[in-house]
Amino acid sequence: MKIREIYQKAVDVGVSNDPRGRDAVLKDLQRIEKEYGDLKPGEKEFFDKESLKNPYADSRILSGSGEEEVKTILLGIDIEVGEILLCESLKNRGGAVDLVVSHHPEGIAFANLYAVMYMQSDILRRYGVPINIAEDLMEQRVREVERRLMPLNHTRAVDAARLLGIPFMCLHTPADNMVATFLQSSFEEKKPYLLSDIIDFLRLLPEYREAAKNGSGPKILLGAENRRAGKIFVDMTGGTEGSKDIFQSLATTGVNTLVVMHLSEEHRKEAEKNHLNIVVAGHIASDNLGLNLLLDEVLKGSEIHILSCSGFQRVSRTP
């Protein structure tokens, strides 16, 4: 497979598993196309034209033409300069690597991470939060994250890959969509009664079971094992944590338990005020599950070999 083929398949699978639903994604793409069309000629130079086809600003081909053939991928949760040099070292030892893939974004995908957060408004709307409230609260949080990202050095790993001639790609929201949709569907089907039932189910999954063995498995952050789970909302996609002020609206709509990748202390305090149960599934374990589910779909029928690094462990669910 060529790099661009892998990339496009990942985006397509991400769209098919987007918690907003395909129609909402297509409407978002139509909105972006209109915004581009309305720009003055001089402004179009600075527009990310890839966003006309890919709704996920945090997932991009960062280095390489996209036409390179791929037999071996070095894949990690985070790919930074150290992992790029690891790739070069492997190549020097005879271990050919055709593509490096990071889950967390780098380069332009990291700089524009905040743009993906708008999708959280539509996800919240599907769980009963009025869209005006969801959009208002998200707008404030998006601007906060944008300001936090502005001073960072986004291109270090990308520059290293470019100088060494190593093709480099990141796939963030498509993988996060996979884990969010998978877990939400699983909980709706199995209807766990207690919070302990949520923990038990997660520990059945290889990614979370391995994390539990390593001290980073699922934990009840708010609530107790014998508390009833009630209505569960899996919140694991859309760039990064949303507004801390959304918990009151979620509680009002009848959500009882949130299953999340991670939660800041500031967000935890707000959730506690609104008497919500919080189960932290685990950040890296959840990223592993999302990537594994994505790879199962994207690499189906291929013989591409995955070299795991930087917190990733390949678990295939395909025969």
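Residues numbered from 1 in each chain as written. Predicted model: local features only at pLDDT ≥ 70, side-chain atom pairs only at ≥ 80, totals over all residues. Heavy atoms only, no water.

J.: Talk me through a nonpolar patch on the surface; I want residue IDs and the actual numbers.
T.: Taken together, the side chains of L85, L163 and L164 make up a nonpolar region of the molecular surface, amounting to roughly 290 Å² of accessible area. Residue L85 is classed as partly exposed on the basis of its relative accessible area of 47%. (Patch = residues over 30% accessible without salt bridge, like charges linked within 9 Å, V, L, I, M, F, W, Y side chains within 5 Å. Areas by Shrake-Rupley, 256 points an atom, 1.4 Å probe, with all protein chains shown as cover. Salt bridge = Lys/Arg side-chain N within 4 Å of Asp/Glu carboxyl O. Buried < 20%, exposed > 50% of the residue type's maximum accessible area, 1.4 Å probe, protein only.)

J.: Got a sec to walk through the packing of aromatic side chains? Specific residues and values, please.
T.: A full pass over the atoms with the stated rule returns three aromatic pairs. Seen in terms of ring centroids, Y127 and F233 are 4.6 Å apart; in terms of plane orientation they differ by 40°. Their pairing is tilted. Remark: F233 occurs in strand β6 (residues 232-235) and Y127 occurs in the loop between α6 (119-126) and α7 (131-149); sequence separation between them is 106 residues. Here the aromatic rings of F187 and F201 are separated by 5.5 Å at their centres, their planes lie at 65°, and the arrangement is edge-to-face. One end of the pair, F187, is in helix α9 (residues 173-190); the other, F201, is in helix α10 (residues 195-204), and 14 residues separate them in sequence. A cation over a ring is seen here: K44 above Y36, with NZ or CZ 4.9 Å from the ring centre. (Phe/Tyr/Trp six-rings, centres within 6.5 Å; stacked < 30°, edge-to-face > 60°. Helix = DSSP H or I, 4+ residues; strand = E, 2+ residues; numbered from the N terminus. Lys NZ or Arg CZ within 6 Å of the ring centre and 35° of its normal.)

J.: An account of the pairing of strand β8 (residues 277-280) is requested, with residue identities and associated values reported.
T.: Burial along β8 is two-sided: N277 and V279 and I278 and V280, pointing in opposite directions, are all buried. Both strand β5 (residues 219-222) and β8 contribute to a ladder of three bridges, which runs antiparallel. By the bridge assignment, I220 is partnered in β8 with V279. For the crossover from strand β7 (residues 257-260) across helix α13 (residues 265-273) to β8, the handedness is right-handed. (Pairing = 2+ DSSP bridges. Right-handed = clockwise from strand over helix to strand, strands pointing away.)

J.: Pulling in residues and values, what's your account of the packing of helix α1 (residues 3-16) against helix α14 (residues 283-298)?
T.: Axis separation between α1 and α14 bottoms out at 9 Å; the angle between their running directions is 115°. Our pair here, α1 against α14, has a crossing hand that is right-handed. In contact with I6, K9, A10 and V13 of α1, α14 contributes L294, E297 and V298. Along the lines of polarity and charge, the residues of the contact of α1 with α14 split into five nonpolar, no polar and two charged. (Axes fitted to C-alpha atoms, helices over the stretch in contact; angles between N-to-C directions. Left-handed = near helix turned anticlockwise from the far one by under 90°. Contact = heavy atoms within 4.5 Å. Nonpolar A, V, L, I, M, F, W, Y, C, P; charged D, E, K, R; others polar.)

J.: Lay out unusual backbone geometry in plain terms, naming residues and giving numbers.
T.: The phi torsion at H275 lies on the positive side, around 60°, for a residue other than glycine. Within the secondary structure layout, H275 lies in the loop between α13 and β8. Classification of H275 as exposed rests on a relative accessible area of 70%. A positive phi angle, near 50°, is found at S310, a position not held by glycine. Along the polypeptide, S310 turns up in the segment after β9 (305-309). Residue class for S310 comes out partly exposed when judged on its relative accessible area of 26%.

J.: Any details on the pattern of salt bridges? Residues and values, ideally.
T.: A side chain with one charge may pair with a side chain of the opposite charge, provided their charged atoms come close. All told, the structure shown has 20 salt bridges when counted by the stated rule. Taking the shortest distance from any N to any O, the salt bridge between R31 and E35 comes out at 2.8 Å. Within this pair, R31 and its partner E35 are both found in helix α2 (residues 22-38), separated by four residues, close to a single helical turn. For R31, a relative accessible area of 40% corresponds to the partly exposed category. Put simply, R143 and E146 hold a salt bridge, and the shortest N to O gap is 2.6 Å. Here E146 and R143 lie together in helix α7, a separation of three residues that amounts to about one turn. Taking relative accessible area as the criterion, R143 reaches 32% and is therefore assigned partly exposed. Taken together, the salt bridges that share partners define one network made up of D18, R20, D28, R31 and E35.

J.: If you had to explain α9 to someone new, which residues and values would you point to?
T.: Compared with the 26 Å implied by 1.5 Å per residue over 18 residues, the 25 Å span of α9 between its first and last C-alpha is a close match. Within the sequence span of α9, burial applies to T173, P174, A175, D176, N177, M178, V179, A180, L183, Q184, S186 and F187. Following α9 by one or two positions, K191 has its phi on the positive side, about 50°. (Expected span 1.5 Å × (residues − 1).)

J.: So what's going on with the sheet that holds β6? Which residues, and what values?
T.: The strand order β5-β8-β7-β6 describes an open sheet built from four strands, whose pairing is mixed. Each having just a single partner strand, β5 and β6 make up the two edges of the open sheet. Strand-to-strand twist in this sheet, taken as the mean axis angle between neighbours without regard to direction, amounts to 25°. Direction of pairing for β7 relative to β8: parallel, over a ladder of four bridges. The partner of L258 across the bridge, within β8, is I278. Its contacts with the sheet place α9 against β6 and β7, and it is angled at close to 170° to β6. Sheet strands touched by α10: β5, β6, β7 and β8. Its angle to β8, the strand with the most contacts, is close to 15°.

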